[in-house]
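One-letter residues, chain by chain:
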Amino acid sequence: MPTRRERIISLLEERDYSPSELARALDLRGKGSVKIILEDLKAIQKIVKRERKVLLIKPAVCRNCGFVFKPEIKIPSRCPRCKSEWIEEPRFKIERR
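Values in this document were obtained by computation on a predicted structure and should not be read as measured data.

Q: Requested: an account of helix α3 (residues 33–50), with residues and values cited.
A: Taking 1.5 Å as the rise per residue, α3 with 18 residues should run 26 Å; its terminal C-alpha atoms sit 26 Å apart, in good agreement. Within α3, the full set of buried residues consists of Ser33, Ile37, Leu38, Asp40, Leu41, Ala43, Ile44 and Val48. The elements touched by buried residues of α3 are α1 (4–14), α2 (19–25), β1 (53–58) and β4 (91–96). Where α3 ends, the next residue or the one after it, arginine 52, has phi of about 60 degrees, a positive value.

Q: An account of the environment of glutamate 89 is needed here, citing residue identities and associated values.
A: Relative to the elements of secondary structure, glutamate 89 occurs in the loop between β3 (87–88) and β4. Each C-alpha atom, one on glutamate 89 and one on isoleucine 75, is 6.1 Å from the other, the two residues being 14 residues apart in sequence. A polar side-chain atom of glutamate 89 sits 3.3 Å from a polar atom in the side chain of serine 18. At 2.5 Å, the side chain of glutamate 89 forms a polar contact with the side chain of serine 20.

Q: With reference to specific residues and values, describe α1.
A: An α-helix turns once per 3.6 residues; consequently, residues spaced three or four apart project the same way. Buried within α1 are the following residues: Ile8, Ile9, Leu11 and Leu12. All buried residues of α1 lie within an arc of 165 degrees about the axis, which places them on one face of the element. On its buried side, α1 packs onto α2, α3, β1 and β4.

Q: Could you give an account of the state of the cysteines, with specific residues and numbers?
A: The full count for this structure, using the stated rule, is 0 disulfides. In this structure cysteine 82 is a free cysteine whose sulfur lies 3.7 Å from that of cysteine 62, the closest cysteine sulfur available. A relative accessible area of 29% means that cysteine 82 is categorised as partly exposed.

What counts and what doesn't
- Per chain, the residues get numbers from 1 upward, laid out in the order the sequence is written.
- Reporting in this predicted model follows two pLDDT cut-offs: at least 70 for local features of residues, and 80 or more for side-chain atom pairs to be given and counted; totals over whole chains, interfaces and linings ignore these cut-offs and use all residues.
- The side-chain quantities take in all heavy atoms of the structure and omit both hydrogens and water.
- Segments assigned H or I by DSSP are reported as helices when at least four residues long, segments assigned E as strands when at least two residues long, and all are numbered from the N terminus.
- Each helix should span, by expectation, one fewer than its residue count multiplied by 1.5 Å.
- Burial here depends on accessible area, computed with a 1.4 Å probe over protein chains only, as a share of the maximum for the residue type. Under 20% is buried, over 50% is exposed, and the range in between is partly exposed.
- Whether two residues touch is decided by their heavy atoms; if any such pair falls within 4.5 Å, the residues are in contact.
- Contacts described as polar in this section are N or O atom pairs within 3.5 Å, which, within protein, must combine one atom able to donate a hydrogen with one able to accept it, while residues neighboring in sequence count only if both atoms come from side chains.
- Arc definition: directions from the helix axis to the C-beta atoms.
- Any cysteine sulfur atom paired with another within 2.5 Å is treated as part of a disulfide.

And the structure:
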């Protein structure tokens, strides 16, 4: 049986996912499920680097004003420009170099 991180890697090699979509795909429930996925993604970024792959990050975007955040492994809580909390989550994908 593959570990949770191995399952995340295999999912991200197929297509891009947001942290919430990964939590649902792995059947993780509860308040801290997205936080667990984000911690796993930080570790996965180092793992795939050793395998000559790269974790691509499509940055989070404010759905209200269109502000594009820095591409990082975290989900912003509010937009610095318009203070809206209507944020589209970042998306992640793994590709070969």
